[in-house]
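The lines below spell out each chain.
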Amino acid sequence: MKKHNFYAGPSILSQYTIEKTAEAVKDFAGTGLSLLEISHRSKEFTAVIEEARSLIKELLNVPEGYEVLFLGGGASLQFCMVPFNLLKKKAAYTETGTWAKNAIKEAKLFGEVEVVGSSKDKNFSYIPKGYTIPADCEYFHYTSNNTIYGTEVIETPNVDVPLVSDMSSDFMSHPLDVSKFDLIYAGAQKNLGPAGVTVVIVKKDALGKVERSIPTMLNYLTHIEKDSMFNTPPVLPVFSCLQTLKWYKELGGLEAIEKMNVEKAKILYEEIDRNKIFVGTAAKEDRSRMNVCFVMNPQYQHLEDDFNKFAASKGMVGLKGHRSVGGFRASIYNAMPIESVKALIETMQEFEKLH
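Let me begin by describing the structure that accompanies this report.

Rules used in this analysis
- Residues numbered from 1 in each chain as written.
- Predicted model: local features only at pLDDT ≥ 70, side-chain atom pairs only at ≥ 80, totals over all residues.
- Heavy atoms only, no water.
- Helix = DSSP H or I, 4+ residues; strand = E, 2+ residues; numbered from the N terminus.
- Buried < 20%, exposed > 50% of the residue type's maximum accessible area, 1.4 Å probe, protein only.
- Contact = heavy atoms within 4.5 Å.
- Areas by Shrake-Rupley, 256 points an atom, 1.4 Å probe, with all protein chains shown as cover.
- Lys, Arg positive; Asp, Glu negative; His and termini not counted.
- Charge placed at Lys NZ, Arg CZ, Asp CG, Glu CD.
- Salt bridge = Lys/Arg side-chain N within 4 Å of Asp/Glu carboxyl O.
- Polar contact = N/O pair within 3.5 Å; in protein donor to acceptor, adjacent residues only side chain to side chain.
- Pairing = 2+ DSSP bridges.
- Axes fitted to C-alpha atoms, helices over the stretch in contact; angles between N-to-C directions.

## A short note on the overall build of the chain
Argument step 1. Scanning the chain from terminus to terminus reveals 9 helices and 14 strands.
Argument step 2. Reported as C-alpha extents along the three principal axes, the dimensions of the chain are approximately 60 × 55 × 30 Å.
Argument step 3. Out of the 355 residues in the chain, the part that is buried amounts to 57%.
Argument step 4. Excluding contacts between residues fewer than 6 apart, the proportion of contacts in the chain whose partners are at least 24 apart in sequence is 67%.
Argument step 5. Total accessible area on the chain is roughly 15600 Å²; 50% of this is exposed by carbon and sulfur atoms.
Argument step 6. Put simply, the chain has 41 plus and 44 minus side-chain charges, and the middle of one group is 3 Å from the middle of the other.

Below you can see the structure in the form of structure tokens.
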């Protein structure tokens, strides 16, 4: 039976990426060595990280003056590194879910944090709007997509202070004007590659302005100066990211990818809204294209376990909602084919007919 992988992360990868990585695990770049045992300073791997950096710049039209880094520690380490490197006295954050809350918690260790907007009052089911950012903030940080609650910021906020964003779960899912940001970070395990590497795009002029001493490993300038090779980078994840980037270019770039993502989300949300069994949990204007969250209509709540079992029997994997919210979550990242979304829709329709 074909499996349809809706896990939120680590998540579905393209067959292109999986096959190319599997080949390299056996024999990397004709060296006769496995990718798992190659030196990160070999010319073969140096070429990989350079090409991956170049393709990110190409696909996102990254302007001059920005550096692309490949780091460890996930987005969770960036919650600390961002304020360590950028926060002098005060920063503004929006609170839109679990990961935004974690980012706020870390930033408070380094200075004053003003939470300018929060959707906590409605269990993070919408994106705050109409907030004001104090002019004396060093930067404004927002989480662009909320995997647990299924909300997403598509349009870049228009602000008068430097902009920072955690884009872990919608990075490279649509075109982006990088010039509006001082720093973007994203864990790879949603739209780029396996867990273990985090991409950071940082404006070099934004760095070196805080007076505090920054530990070497937590200083972005360290990694810029060493081309992400200050310590051993996560070799296999970086290689897999390169394969995904090559695949994105073959597909036609981020404009083509966005078109596919819009269509997948559209047909799935239409079914949720039509189906008597299910109801969406996110405000319609803020619905994520990446993580489609839904629950049972109250009168059908007793059928939740039945649907999980029924969906599993149809090859659906990873549909269970995050433990903190329950229900269901279909993560339909870039690599998710529309055929799998249609298979889920058919499963939902079959379940409706049975009840």
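## Side note on the pattern of salt bridges
Argument step 1. Applying the stated criterion across every chain yields a total of 12 salt bridges.
Argument step 2. Between Glu-352 and Arg-274 there is a salt bridge whose closest N-O contact spans 2.7 Å. You can see Glu-352 sitting in helix α9 (residues 338-354) and its partner Arg-274 sitting in helix α7 (residues 254-274), a full 78 residues away along the chain.

## Considerations on the side chain of Asn-291
Argument step 1. Structurally, the position occupied by Asn-291 is in strand β12 (residues 291-296).
Argument step 2. With a relative accessible area of 0%, Asn-291 lands in the buried category.
Argument step 3. There is a polar contact of 2.9 Å between the side chain of Asn-291 and the side chain of Tyr-333.
Argument step 4. When sequence neighbours within four positions are dropped, the list of residues in contact with Asn-291 reads Ala-8, Asn-145, Asn-146, Thr-147, Gly-150, Ser-169, Tyr-269, Arg-329, Ala-330, Ser-331 and Tyr-333.

## Topic: the sheet that holds strand β4 (residues 112-118)
Argument step 1. Ordered by their spatial adjacency, 7 strands build an open sheet running β2-β10-β9-β8-β5-β3-β4, and the pairing between neighbours is mixed. At either end of the open sheet lies a strand with only one pairing partner, and these are β2 (66-71) and β4. Taking each pair of neighbouring strands and ignoring which way they run, the sheet shows an average axis angle of 15 degrees.
Argument step 2. Pairing geometry for strand β8 (residues 163-166) and strand β9 (residues 183-187), over 3 bridges, is parallel. If you follow Val-164 over to β9, its bridge partner there is Leu-183.
Argument step 3. Lying on the sheet, helix α3 (residues 74-86) is in contact with β2, β3 (90-95), β8, β9 and β10 (198-203); it crosses β9 at an angle near 160 degrees.

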